[in-house]
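Coordinate analysis (summary)
Chain by chain, the residues:
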Amino acid sequence: MDRSRSAMRPLVLPIFLLLSLGIFSPAHAGNLIERGKKIAQEGNGLPGSTACMECHRLHGGGMPLIGSPRIAGQTKTYIEHEILGVKAGTRYAPIMAGVVNNLSQKDIRAVAAWYASVRTPKLPDVSPYDPSLVALGKRIALKGRWKKNVPACVLCHGPEGRGIPPHFPYIKGQNKGYILRQLISFAFLKRADDPQGLMRGIARRLSQKERQAVAEYFASLPPPPADGQPDPPSSRKASP
Amino acid sequence: MRHPLSLALASLLGALLPLGPLVATGQEIPAPPVSFSPPPDRKIPSGPFGDLVRKGERIFTQTGKYAGKYVGNDLTCESCHLDRGRKPYAAPLWGAYVSYPRFRSKNMKVSRLGERIQGCFRFSMNGVAPPLEGDTIRSIVAYSFWMAKGAPVGTPLVGTGMYHLPPSPHKPDPFHGKKVYEARCALCHGADGLGTVSGGEIGFPPVWGPRSYNKGAGLAKVGKLAGFIKMNMPLSKGDSLSDRDAWDVAAYVDSQPRPADPRKKS
C-alpha cells in the first residue's frame, strides 16, 4: 500500500498542474460528459478506436437496420457494466468486442456519462409489428408465464419496461431485432453478464415464439421520455 | 423443490393405495394433500360477477391505485402473493379461499376470509381495514372464489400458505444473513432495504423501513419469511438459497426497523 503510494508521488505534481489548468478535472461531471461526447464522436484517439456514433449515433438512438441498440438514457451503471462485460468476455457481443478493447476505465466512465445524459426519439424499426405477436408479448410482459417460472418482465424492468435504475435497463422502445438477439444470446450464446443469471434462466425458458412476441411488444412502445419523468399513467396489468 | 415433490409423490401414492386397510384401523387419517391449478384468465365470465372478479384482481395487483385509502405503504397484495395470487407457496388465493372460516391464534377467533383480508390491510399493508361489506373486500373475496373454482373445500392443497422450512439446526444468524442479503437481494430491494423506484412509480418493494409491512404482519415472523424467501426469492430463482441462507437472511431482514404493530401502539 505505502509502496504504491510513494511510487505515485512523482505523478502528483503534473496532475495538480493539469487540474489547475482545467485540462481535465475528473471531479467535474460536465467535463466527464464532454469527454464522453468526444469519444462518441471521434473515438479516444488510439489506433483502432472507433467512434461510437458510427453505430449508436451521437444521441444514442442506435441503428435498427444493423441491430445496433439504442443506448440513450440507459443508466451510467448499466452502460459501464455492459462495456466492462464485453471487454472481459462475459458478454457475448461480436460487434462491440472489436470496438471497446482500447477504452480505458476513464474513457468508459466518460462515454457512459455521455450516453446516460442524452435523450432521443425512437427510430423506425425495420418492419411493422405483428399485432398477434404484440398481444402475446404484452400478456407475457405484464403477467409472466409463471408455469414456466417466468415472472412478468415489468416486475424487473419497471412499469411498461421503462427500467429500474441503476441495474435494470429499460427495454421499451428498443429495436426489436436487438431485443430478440439479446434474448437468444442469454438463452443459448454467451451473454453471461447478467447478475445471478437472472436473464439467462428466463430467456431459456421462453419458447422462440414467446421471445419474438416480447421483442415485438417492447419494441412497439415509445422509449422512456426525454425528461426522465414518468410516462402517462402506467397500465400495468389493467388490461390483458 | 425436494419437499413439494415428495408431497406430490405422497399424494400420488395416497391416491393409488387401496382405501380399505386404512379405514379399517379406525383412526382418522389426514387427507393426503391434493394438487390444484387455478383456472386461466379467459375463464372469467362476463357480467356483474366477472366484473367484480376483475375489480378484485385490479385491487390485488395495484392496491395503492385502486384501494389507496386503506394502504399505508408501498406494497401491493401481489408483492407477496406472487403471480396475481396464483403462485404456490406464496400464499395463493385459491388455497386461502378453501381454508376459511378458520381459527386463528393471532386473535383467538374463528375468522372468515374477508376478516383475514382485513388483517392483511392492517398489518402487511400497514393501513386500515376496509369495511367487511364494502367493495374492496367483496371484490377480493370474489376474485379468490373464482380462482378456487374446482378446488376441494377444507382439504389441504399442495402449495397453500407459505412453505414450512424445516427448523434451523443453528440459531439464525443475522450477521451472516447480511452477507446473503448483499449478495442476493440488494440488487433489487436496495442495500438499504427501502426498495427501488422507476420513473416515480414503485419498482421493487421495500422489505423494511417506513414503507414496508409492519411488525404485526405474517412475514414479520422469521420462520414465515424464511419459507417465503426459500421458495420465491430471488424472483425466478426460487429454491436456490440453502435452507441456512434463507433462515439467516430472514433473520437479518427481521432485525431491521419497520412500522410498529398497530395493536401495541397505544
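None of the values given here were measured: they were computed from a predicted structure. (Residues numbered from 1 in each chain as written. Chains lettered and ligands numbered in written order. Predicted model: local features only at pLDDT ≥ 70, side-chain atom pairs only at ≥ 80, totals over all residues. Heavy atoms only, no water.)

1. Let's talk about the overall build of chain B
Of the regular secondary structure elements, chain B holds 13 helices and four strands. Relative to its 266 residues, chain B shows a buried fraction of 46%. On chain B, roughly 13400 Å² of surface is accessible, and the fraction owed to carbon and sulfur atoms is 61%. (Helix = DSSP H or I, 4+ residues; strand = E, 2+ residues; numbered from the N terminus. Buried < 20%, exposed > 50% of the residue type's maximum accessible area, 1.4 Å probe, protein only. Areas by Shrake-Rupley, 256 points an atom, 1.4 Å probe, with all protein chains shown as cover.)

2. Some points on the overall build of chain A
Helix and strand content of chain A: ten helices and zero strands. Overall, chain A shows an N-to-C arrangement of helices and strands of α-α-α-α-α-α-α-α-α-α. Sequence-distant contacts in chain A: of pairs separated by 6 or more residues, those separated by 24 or more amount to 68%. Working note: accessible area of chain A is about 12000 Å², and carbon and sulfur atoms make up 64% of it. (Contact = heavy atoms within 4.5 Å.)

3. Side note on the pattern of salt bridges
When their charged atoms lie close together, side chains carrying opposite charge are able to pair. With the rule as written, the count across this model stands at 26 salt bridges over all chains. Across the salt bridge formed by Lys122 of chain A and Asp125 of chain A, the nearest N and O atoms sit 3.3 Å from each other. Given the relative accessible area of 15%, Asp125 of chain A is considered buried. Note that Arg200 of chain A and Asp194 of chain A form a salt bridge whose closest N and O atoms lie 2.7 Å from each other. Sharing partners across several salt bridges, the network here consists of Lys143 of chain A together with Asp41, Glu57, Arg84 and Arg86 of chain B. (Salt bridge = Lys/Arg side-chain N within 4 Å of Asp/Glu carboxyl O.)

4. Topic: a nonpolar patch on the surface
On the surface, a cluster of nonpolar side chains totalling about 330 Å² of accessible area is made up of Leu65, Ile66 and Val126 of chain A. Inspection of the secondary structure puts Ile66 of chain A in the loop between α3 (53-56) and α4 (76-88). (Patch = residues over 30% accessible without salt bridge, like charges linked within 9 Å, V, L, I, M, F, W, Y side chains within 5 Å.)

5. Examining the nonpolar core
Of all hydrophobic cores here, the largest spans 94 residues; its most connected members are Phe218 of chain A together with Phe121, Tyr181, Tyr213, Phe228 and Ile229 of chain B. Setting aside its immediate chain neighbours within four residues, Ile229 of chain B contacts Leu241, Val249 and Ala250 of chain B. If you look at the next biggest cluster of nonpolar residues, it comprises 18 residues, including Ile39, Cys52, Ile71 and Val118 of chain A. (Core = buried A, V, L, I, M, F, W, Y, C linked by side-chain atoms within 4.5 Å.)

6. Details of the domain arrangement of chain A
Residues and elements named next belong to chain A. For chain A, the domain assignment lists domain 1 (2-117) and domain 2 (131-219). Between domain 1 and domain 2, the contact holds 18 residues from the first and 17 residues from the second. Salt-bridge contacts for Glu82 lead to Arg191; the nearest nitrogen and oxygen are separated by 2.9 Å. Our count for the domain 1 to domain 2 interface comes out at 15 residue pairs in polar contact (both at pLDDT 80 or more). Per-class residue counts for the side of domain 1 that touches domain 2 are seven nonpolar, eight polar and three charged. (Domains from an automatic or database assignment. Polar contact = N/O pair within 3.5 Å; in protein donor to acceptor, adjacent residues only side chain to side chain. Nonpolar A, V, L, I, M, F, W, Y, C, P; charged D, E, K, R; others polar.)

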